[in-house]
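Architecture at a glance
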Amino acid sequence: MKEFYDLGDFSPEEIEALVTLAGRLQRYPEPRALEGKVLSLLFLSPSLRTLASFQAAMVRLGGGSFVISPDMSIHGLETRPGIVMDGTAAEHIREAVPVIAAYGDAMGIRAFAEGKSLDKEIADTEFNALRKLVNTPLINMESAIGHPCQSLADWKTLDDLQVPKQGGRFVLSWAYHPRALPLAVPSSTLQMAAMRGMDVTVLRPEGFELPPAIMDRATQAAAASGGSVRETDERAEALEGAHIIYAKSWASTRHYGDKLKDTELRRPLADWCVDDPWFETTDQDCRFMHCLPVRRGVVVSDQVLDGPRSVVIQEAQNRMYAQMAVLHALLGKRGL
Ligand code: CP
């Protein structure tokens, strides 16, 4: 394995092998597997889980890591291409990235979407520009359009919970949030559930349709794995028989990059907060998933989040095991 950029770069069997490896490393630790190896972590956007779980993963495998982020006392970073650097930024990302990469054996980068141009973000233009500057194995720790580490961990969580693949009903539901959030998690989550062979329903209000490029890719993955993908704004019908409600907010795709119009469209949608009545017609064992961080009382009620249906902490813990598997496959002696 040379990099971990997108789940779609792998076959479902390869993802299964990573999930199996994650489970093995959870049960049978290998504290010397990556002895002497260093992981460079560049966070251009904030994090709790990704930051902590990658560092913990490296320590558990016998290696080490270091973190660079603009919040630290580094030189001001310029990210715009072709700029005359006569302002406050003293260092360009074009030098900083290869320098950081040179200190490690693999590198993780997080760079969120700017939220301006949908086409540019679907093409992952900014992240791909950074990707070209790295000559060690690269890990996508969340780009404009993908969060594969989250989705790998979520696949493992679904397996741990024995949620059926064929016939498993997965509802990816838009949820209210005061701000327009990126498409990375919904895009990767949809791809993951489709590749896993589940029947996936994207439940969202009008104006928040996922872009055709994202839907088409997932539809093809589902067809190859024996699952299906559809999109609706009919909540009652979507939730019937669901095994999973995976909540996530995202920006209006109808008004992408237009903050005022997005705010106007989402203002009356505060009832898109997952609460107990959402589970009235689901499968009786239906679980609630969310990648975290989550806004209580906005995205999901306290009752659901604190109740037995919620598996959000298990998902977060699986981030560490899933990433241990990725690091083992990228840097270990045996590969994947
Ligand atoms: N889910 C996730 O990636 O969390 P962080 O943003 O805290 O890393």
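The model shown is predicted, which means the values in this text are computed figures rather than measured ones. (Residues numbered from 1 in each chain as written. Predicted model: local features only at pLDDT ≥ 70, side-chain atom pairs only at ≥ 80, totals over all residues. Heavy atoms only, no water.)

**Digging into the layout of surface pockets**
Stated formally: Only protein atoms enter the 1 Å grid, on which a cavity is a set of points fitting a 1.4 Å probe that cannot get out and a pocket is an open set with protein on both sides within 12 Å along at least 5 of 7 lines, lining residues being those with an atom within 4 Å of a point. Grid points are joined across faces, edges and corners, and a volume is the space filled by probe spheres set on the points. Helix numbering and strand numbering both begin at the N terminus, where a helix is a DSSP run of H or I of at least 4 residues and a strand a DSSP run of E of at least 2. Each residue is assigned to one of three groups, with Ala, Val, Leu, Ile, Met, Phe, Trp, Tyr, Cys and Pro labelled nonpolar, Asp, Glu, Lys and Arg labelled charged, and all others, Gly among them, labelled polar.
Considering only enclosed or pocket space, the largest pocket measures out at about 920 Å³ in volume. Lining the largest pocket are 41 residues, with Phe112, Arg179, Ala180, Leu181 and Pro182 sitting closest to its centre. Contributions of two or more residues to the lining of the largest pocket are made by helix H2 (49-60), helix H7 (184-195) and helix H10 (259-266). For the lining of the largest pocket, the residue count by class is 18 nonpolar, 12 polar and 11 charged.

**Comments concerning the environment of Thr253**
To be explicit about the condition: Contact definition: two residues touch when any of their heavy atoms are within 4.5 Å.
If you trace the backbone, Thr253 turns up in the loop between strand S11 (244-248) and H10. The spatial distance from the C-alpha of Thr253 to the C-alpha of Ser228 is 22 Å, given a sequence separation of 25 residues. The contact partners of Thr253, leaving out residues within four places of it in the chain, are Leu118, Leu183, Gly207, Phe208, Glu209 and Pro211.

**Considering the side chain of Asp124**
Short version of the rule: Buried means the residue's accessible area, taken with a 1.4 Å probe over protein chains only, is under 20% of the maximum for its type, while exposed means over 50%, and partly exposed covers the values in between. In this count, Lys and Arg are taken as positive residues and Asp and Glu as negative ones, while His and the chain termini are left out. For this document, the term salt bridge refers to a Lys or Arg side-chain nitrogen within 4 Å of an Asp or Glu carboxyl oxygen.
Examined against the element boundaries, Asp124 turns out to sit in the loop between helix H4 (118-122) and helix H5 (125-131). Buried charged residue Asp124 carries no salt bridge. Nearest counter-charge: Arg131, at 6.4 Å. Ignoring any residue separated from it by four or fewer positions in sequence, one finds Asp124 in contact with Tyr5, Ser143, Ala144 and Ile145.

**Considerations on empty space enclosed by the protein**
The following threshold applies: Segment limits for the domains were obtained from an automatic or database-derived domain assignment.
Summed over all chains, the structure comprises 1 cavity of 30 Å³ or more. For the largest cavity, the full set of lining residues is Asp6, Leu7, Gly8, Pro148, Ser188, Gln191 and Arg217. Grouping the amino acids of the lining of the largest cavity by side-chain chemistry returns 2 nonpolar, 3 polar and 2 charged. Looking at which domains feed residues into the lining of the largest cavity, each of domain 1 (3-147 + 316-331) and domain 2 (162-310) supplies at least three.

**Thoughts on the site of the ligand**
Condition: In this text, near means that some heavy atom of the residue lies within 4 Å of the molecule or strand in question. Any N or O atom pair separated by 3.5 Å or less is treated as a polar contact, with the protein-specific requirement of one donor-capable and one acceptor-capable atom, and with residues adjacent in sequence counted only for side-chain atom pairs. Using a 1.4 Å probe, accessible areas were evaluated by the Shrake-Rupley method; residue-level cover was limited to the displayed protein chains. Whether a molecule sits in a cavity or pocket is decided by its atoms, more than half of which must lie within 2 Å of the grid points.
Taken together, Ser47, Leu48, Arg49, Thr50, Arg110, His147, Gln150, Cys291, Leu292 and Arg319 form the complete shell of residues around the ligand. A distance of 2.9 Å separates an oxygen atom of the ligand from a polar side-chain atom of Arg110. One of the side-chain N or O atoms of Gln150 is found 3.0 Å from a nitrogen atom in the ligand. Protein contacts shield 94% of the accessible area of the ligand, which totals 250 Å² for the unbound molecule. Of the pockets mapped on this structure, the ligand occupies the largest pocket.

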